[in-house]
Amino acid sequence: MTQGKGEALGIAEGAKRAEGEAGNSPSLSYMEAFANPTLGRRLLSAIAREAATQRDYYLMEFCGGHTHALCKHGLLPLLPPNLHMVHGPGCPVCVLPAGRIQQALALLEAREVVLCSFGDMLRVPGSRGHSLLSARAQGADVRMVLGPTQALKLAQALPQREVVFFAVGFETTTPPTALALRQAKHMGLKNFSVLCNHVLTPPAMRGIWEAFRGAEGARLDAMVAPGHVTTVIGYKAFEEIAEAFGVPTCVAGFEPLDLLNAIYALVCQLNRGQARLENGFARAATREGNLHAQQLMREVFEVCAGFEWRGLGHLPHSALRIAPPYAAWDAQAKWQLPCPPIADHPACCCAKVLLGQKTPPQCPLFAKACTPASPLGACMVSPEGACSAYYGYAQGLPLAAPGEAATAATFSSLKGERGEVE
Amino acid sequence: MKPLDWKHGHVEMNHGAGGRAMAQLVEAFVEAFDNPLLAAQEDCATFAAPQGRMALSTDAFVVSPLFFPGGDIGKLAVCGTVNDIAMGGARPLYLSASFILEEGFALSALRKIVDSMAHTAKEAGVRIVAGDTKVVERHKADGMFVVSTGIGEVVTPLVLGASQVKPGDAVVLSGSIGEHGIALLSARELLGFEAQVHSDCACLHGLVAAMLDSGAQLRFMRDATRGGVAAVLNELAKAAGLGMVIEASAIAVSKPVAAACALLGMEPLEVANEGKLVAICAPEDAPRLLKAMRSHPLGEKAALIGRVEEGPKGQVAMQLALGSYRVVPWPLGEQLPRIC
């Protein structure tokens, strides 16, 4: 197994040691161990040393969960000015074309179905700003669920109603959908179906590298690969991409140390002219992944010829559809739903943001016409979308200069006061 | 007329129809809430008004489920109303309680809730002196809803409110956050695991009395319910036209709450509490305020979490573990309907 650079630095041991030290204080968890500020500062100085060169570094974090974590933990302002994080398309809500929302809205209009989906899916605008949430306000039966099993239970509880699960997501959310479909078939549950919009990470990552290869002026040097997806599909797929495109790639978890470790590993590779896959999420991800989940996905789904990604356009073999033995539970096959092409708002820069060609604040709609409360573009909808993450966590804060931030007030005096009382 | 079957019986339409059936139900409430003002069963309760200012607050409770780890809708109604009164620097005196019951609701559950309300009110030293009962058809309400109004006597000469808050003031939080919201989620079986989290649902007027007695120059108090601490701080920053900086490491989050939030992608600062308050006081008074709070059982983990700044106006920033800052966003707030 390829070791992440962070492991060479002793990050994993350090985290374990921190965990051991916490023996006396049971409140420290594994989660906190990977957020240890002492180790974080050590990694930040290692990154600063390694990136102290004449060149710029452009790293993409593919996954929206990583974008969210970078903003939430305030890591972006701590990186050297010549190191740029490009926020990738790994947010299932963001890359879903508006036509797919329209498809669900049309289904709600034509039939009295109960449509279930994840919370952030409900706010995504289809055409003319209509969303599943606005359809609900107008009387449609739209329900928020935390997963397909809940939708399946609902179908059992409401035998008179047609329950449709609007499935979105990468390989992480696909196995639960597969499981729900298999259970529905096993139970002979006829009033449950799935509107399948599951997409695949490796073809999208290939699409990104191809797009950057062809794009004038756009630059990308290395990739942070999504840790959660890797636990399912294994890092073999990313190894192939790293090799095929000659690009440094590092799998990362979602805690601050995971991200800093991956950034450090990638800068090291770039400085040494290497281009290989490193597994920086060794505590959960393996080369082969979760074989049981993969088998389940192969049984229930098959790869489509292609899928229209918001921002990335048509990518071959980049999505899943429900396999013929499960056709009776495929909402698409059941009702022959058309998927009309719908143009994004003309001024919306989501497509460019998803390709890392623009940062969210460079979009003319950002924080003006487009906010999380009334999103115009998909990247503003999900908390994993780059626009939403910037809006929520960095609005008004100068991202690049934390030391001089307007809010960096005199905390020392405050701490003095705390010192007095404790 | 047959006596009510509190064990196996159900709410029927005639329990809200003003006849003898309703009288039976009302009788049970009067007995449970046990005070002469209610026992008189007049159209209104009359009482002598204290000198000076009074506080009045009203709240509707639609929590789902009705019973959750650490409480139930009855306890929540008393605590929620008492807390709103207490945040105005007032000593809560009297409550009213209106019940909207769904036809078919189990009388045994109703009994439990009413007893819980009576118990919580007794402990808090407030009396439920007025009430009303309505019954709606099956499927027109979810078991039961409670609407409660409280009245209290303002016991401090301090003027409290967003307009009193000044740059440099200290921001104080009374304890660990997010427990009510996570307890409710686990009760709704959405978590997929048994969280060892109990709602922090509690009456805070005793803690507030200790805070007022400390002599600290308090400027503002609010209980951090829906939208959590993030909502309180953002509301205050907006209303006061000031900024705010808090420190992540100063905010107590229990391990199970942190784990549940990480799993569900939730931000503890945005999760509801029912027994926590945010207070703003003059910076020089923070030590004695904290001392007073920590000597009260509901304020043991009270902490100074930040300070009020001149700007950016309306913005709450948080200093993170590695020293950088981020904004604490205003919660969007539709993820968790019906938490109180």
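Counting restarts for each chain, with residues numbered from 1 along the sequence as it is written. Chain A is the first chain written and ligand 1 is the first ligand written, with later ones labelled in order. Since the coordinates come from a predicted model, pLDDT governs what is reported: local features require at least 70, and pairs of side-chain atoms require 80 or more to be given and counted, while whole-chain, interface and lining totals use all residues.

Participant: Mind showing me how you'd approach the sheet that holds strand E1 (residues 57–63) of chain A here?
Facilitator: By definition, the strands of a sheet pair up through backbone hydrogen bonds, in either a parallel or an antiparallel sense. All names here are of chain A. Between any two strands, at least two bridges found by DSSP are needed for them to pair. Each helix corresponds to a stretch of at least 4 residues labelled H or I by DSSP, and each strand to a stretch of at least 2 residues labelled E; elements are numbered beginning at the N terminus. Pairing is parallel across the open sheet formed by 5 strands, whose spatial order is E2-E1-E7-E8-E9. Only two strands of the sheet have a single neighbouring strand rather than two, namely strand E2 (83–90) and strand E9 (277–279). Each adjacent strand pair in this sheet contributes to an overall mean axis angle of 25 degrees, direction not counted. Taken together, the 3 bridges between strand E8 (residues 249–252) and E9 define a ladder with parallel strand orientation. Within E9, the position partnered with Thr 249 by the bridge is Leu 277. To obtain each axis, a line is fitted to C-alpha atoms, and for helices this fit is confined to the stretch in contact; angles are then taken between N-to-C directions over 0 to 180 degrees.

Participant: Got a minute to help me understand the sheet that holds strand E5 (residues 127–136) of chain B in this structure?
Facilitator: Residue and element names in this part refer to chain B. The 4 strands are arranged E1-E6-E4-E5 in an open sheet whose pairing can be described as mixed. Whereas interior strands pair on both sides, the edge strands pair on one side only; in this sheet they are strand E1 (54–61) and E5. The sheet shows a mean angle of 15 degrees between the axes of neighbouring strands, taken without regard to direction. Of the strand pairs in this sheet, strand E4 (residues 90–102) and strand E6 (residues 144–154) are connected by 11 bridges, and their pairing is antiparallel. Directly across from Ser 96, in E6, lies its bridge partner Thr 149.

Participant: Got a minute to help me understand the pairing of strand E12 (residues 313–316) of chain A in this structure?
Facilitator: Each regular strand shows side chains that alternate between the opposite faces of the sheet. Direction of pairing for strand E11 (residues 306–309) of chain A relative to E12 of chain A: antiparallel, over a ladder of 4 bridges. Each bridged residue has a counterpart across the sheet, and for Glu 308 of chain A the counterpart in E12 of chain A is His 314 of chain A.

Participant: Looking at this structure, how should I read the nonpolar core?
Facilitator: Most often, soluble globular proteins have nonpolar side chains that are buried together. Residues Leu 115 of chain A together with Val 172, Leu 233 and Ala 279 of chain B are the most contacted members of the largest nonpolar core, which totals 253 residues. The leading source of residues in this core is helix H14 (residues 256–271) of chain A, at 11 residues. Residue-level mapping places this core at the junction of two domains, with at least three residues from each of domain 1 (13–154) and domain 2 (162–327) of chain B. Placing a C-beta atom from the backbone of each residue, one calls two residues in contact when those atoms lie within 7 Å. Look past the residues within four positions of Leu 115 of chain A in its chain and what remains in contact with it is Ala 104, Leu 107, Leu 108, Leu 132, Asp 141, Val 142, Val 164 and Phe 166 of chain A. Under the definition applied here, buried Ala, Val, Leu, Ile, Met, Phe, Trp, Tyr and Cys residues are grouped into a nonpolar core through C-beta atoms within 7 Å. Labels follow a simple rule on C-beta atoms placed from the backbone: if 20 or more others lie within 10 Å of a residue's own, it is buried; if 12 or fewer, it is exposed; otherwise it is partly exposed. Domain delimitation in this document rests on an assignment produced automatically or drawn from a domain database.

Participant: Help me out: how do you make sense of the packing of helix H1 (residues 20–33) of chain B against helix H4 (residues 107–124) of chain B in this one?
Facilitator: A pair of packed helices is captured by two measures, namely the crossing angle of their axes and the spacing between those axes. Residues and elements named next belong to chain B. The N-to-C vectors of H1 and H4 enclose an angle of 30 degrees; their axes lie 9 Å apart at closest approach. Classed by the angle they form, the pair H1 and H4 counts as roughly parallel. In the crossing of H1 with H4, the sense of the turn from one axis to the other is right-handed. Residues Phe 29, Ala 32 and Phe 33 of H1 lie in contact with H4, whose contacting residues are Val 114, Asp 115 and Ala 118. For the contact of H1 with H4, the per-class residue count stands at 5 nonpolar, no polar and 1 charged. Orientation categories follow fixed angle ranges, with anything under 35 degrees roughly parallel, anything over 145 roughly antiparallel, 65 to 115 roughly perpendicular, and all other angles oblique. The handedness criterion is simple: a crossing whose near helix is rotated anticlockwise from the far helix by less than a right angle is left-handed, and one whose near helix is rotated clockwise is right-handed. Polarity classes work like this: nonpolar for Ala, Val, Leu, Ile, Met, Phe, Trp, Tyr, Cys and Pro, charged for Asp, Glu, Lys and Arg, and polar for all others, with Gly in that last group.

Participant: Can you help me understand the domain arrangement of chain B in this one?
Facilitator: By a frequent convention, interface size equals the accessible area lost on bringing the separate parts together. Residue and element names in this part refer to chain B. Domain boundaries in chain B define domain 1 (13–154) and domain 2 (162–327). Here the C-alpha centre of domain 2 lies 28 Å away from the C-alpha centre of domain 1. Domain 1 puts 19 residues into the contact, and the matching count from domain 2 is 22 residues. Listing elements by their share of the side of domain 1 that touches domain 2, those giving two or more residues are helix H3 (73–86), E4 and H4. Broken down by element, the residue count for the side of domain 1 that touches domain 2 peaks at 8 residues, all from H3. Here the residues of the side of domain 1 that touches domain 2 are counted per class, giving 11 nonpolar, 6 polar and 2 charged.

Participant: It is not clear to me how the packing of helix H5 (residues 64–72) of chain A against helix H18 (residues 386–394) of chain A should be interpreted in this structure. Could you clarify?
Facilitator: All names here are of chain A. Packing of H5 against H18 leaves a shortest axis separation of 9 Å and a crossing angle of 15 degrees. One finds that H5 runs roughly parallel with respect to H18. Here H5 and H18 pass one another in a crossing that is right-handed. Two secondary-structure elements touch here, H5 through Thr 67, His 68, Cys 71 and Lys 72 and H18 through Ala 386, Ala 389, Tyr 390, Tyr 393 and Ala 394. Looking at side-chain class alone, the contact of H5 with H18 contains 6 nonpolar, 2 polar and 1 charged residues.

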